[in-house]
Amino acid sequence: MMRFKTATANYLSSKQFGSLAGSSQKGYENKLNSFCRDTVHGRTLGNINLDKINTIVCTELYDTWELETSTSNANHCSRIFSVLMNYFVARDLITKNPMAKVRKRTSEPRSVVWKHDQVVSFLDMAFTRGNWTSIGMIVMMAYEWAQRPIDIRSLKWENVDLDNQVVKIKQTKRGAKVELPVPDNLNAMLKQQEDTWGFQEWVVPHHRPQDNAYRPLTVMQMTHQLKQVKDAVGLPDELQVGDLRKTAIIEMILGGAEALAIQSATGHKNVASLNPYNKFTLETARSALDRRQRQ
């Protein structure tokens, strides 16, 4: 049976793909190549045989795309993925499109942010039990660095310099590379993590007993642990790991950080990309009025 990346490469060289408009081709090609790099059940999708890509796999993909950015992004990715799957069906490579059975969610702009004391309460609880340490580390790093959880869970030790307290992250969404400082409290936690898990490549690994392999946490594992800790603390169910990046960016804006400085941390391509985070609030209005040069 053909692997997903081989079948995808065949589609990209097909007449059907060639008939698309140039702009559509570029967008499709970027998305399809990123699908090949996605991880499901601890394996790279590109290396999975087509007959193993079922509704369960597609559901995890959908959840990953949603966690990466938004429900709108997940729905967009699922549409492109379905085009590919339907092509495979037409070529008799598979019998049905498994993405068609995935329950899609309504795309609504999320306005949920964490309060600082909610983050603190979550971390205090997560680090009291060994089986919650992984989600605690992911939440701490995502919040501290204003990064997407999809990039935090796949972080490798080779990109962390604890001596100089610097981390380098290549973001999955746009390929932006950011270099970030590691504050003392997080550096201390990472040193403890390295003492335990430094023998393998992932900063926050999941040990898979069936083959003794180490892989990043799956989206389902991360979501399950998140809910366990939230329930233990009594935090609102609506809080998601993906909201921590937005929370951190809004806190930087409210703290008076310059847009270019925020960009260097978040990896946004331009200042306009920060507009969705720049809410009109009493705090921002007060900050602006206080900074006026009065004559």
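The structure reproduced in this document is the subject of the present report.

1. A closer look at helix H1 (residues 4–12)
So, step 1. Within H1, the full set of buried residues consists of Phe4, Ala7, Thr8 and Tyr11. All buried residues of H1 project into a common sector of 100° when viewed along the axis, lining one side.
So, step 2. As for H1, its buried residues are in contact with helix H2 (15–18), helix H3 (22–37) and helix H5 (71–90).

2. Digging into the packing of H1 against H3
A packed helix pair is summarised by two numbers, namely the angle formed by the two axes and the spacing between the axes.
So, step 1. Between H1 and H3, the least distance of the axes is 10 Å, while the angle of their chain directions is 170°. On the basis of the axis angle, H1 is roughly antiparallel to H3. Contacts between H1 and H3 involve Phe4, Lys5, Thr8, Tyr11 and Leu12 on the former and, on the latter, Tyr28, Glu29, Leu32, Asn33, Phe35 and Cys36.
So, step 2. Partitioning the contact of H1 with H3 into residue classes produces seven nonpolar, two polar and two charged.

3. Describing H5
So, step 1. Between its first and last C-alpha atoms H5 spans 28 Å; for 20 residues at 1.5 Å apiece the expected length is 28 Å, and the two agree.
So, step 2. Among the residues trailing H5, Asp92 stands out with phi positive, at a value near 65°.

Cut-offs and rules
Residues numbered from 1 in each chain as written. Predicted model: local features only at pLDDT ≥ 70, side-chain atom pairs only at ≥ 80, totals over all residues. Heavy atoms only, no water. Buried < 20%, exposed > 50% of the residue type's maximum accessible area, 1.4 Å probe, protein only. Helix = DSSP H or I, 4+ residues; strand = E, 2+ residues; numbered from the N terminus. Arc of directions from axis to C-beta. Contact = heavy atoms within 4.5 Å. Axes fitted to C-alpha atoms, helices over the stretch in contact; angles between N-to-C directions. Parallel < 35°, antiparallel > 145°, perpendicular 65-115°, else oblique. Nonpolar A, V, L, I, M, F, W, Y, C, P; charged D, E, K, R; others polar. Expected span 1.5 Å × (residues − 1).

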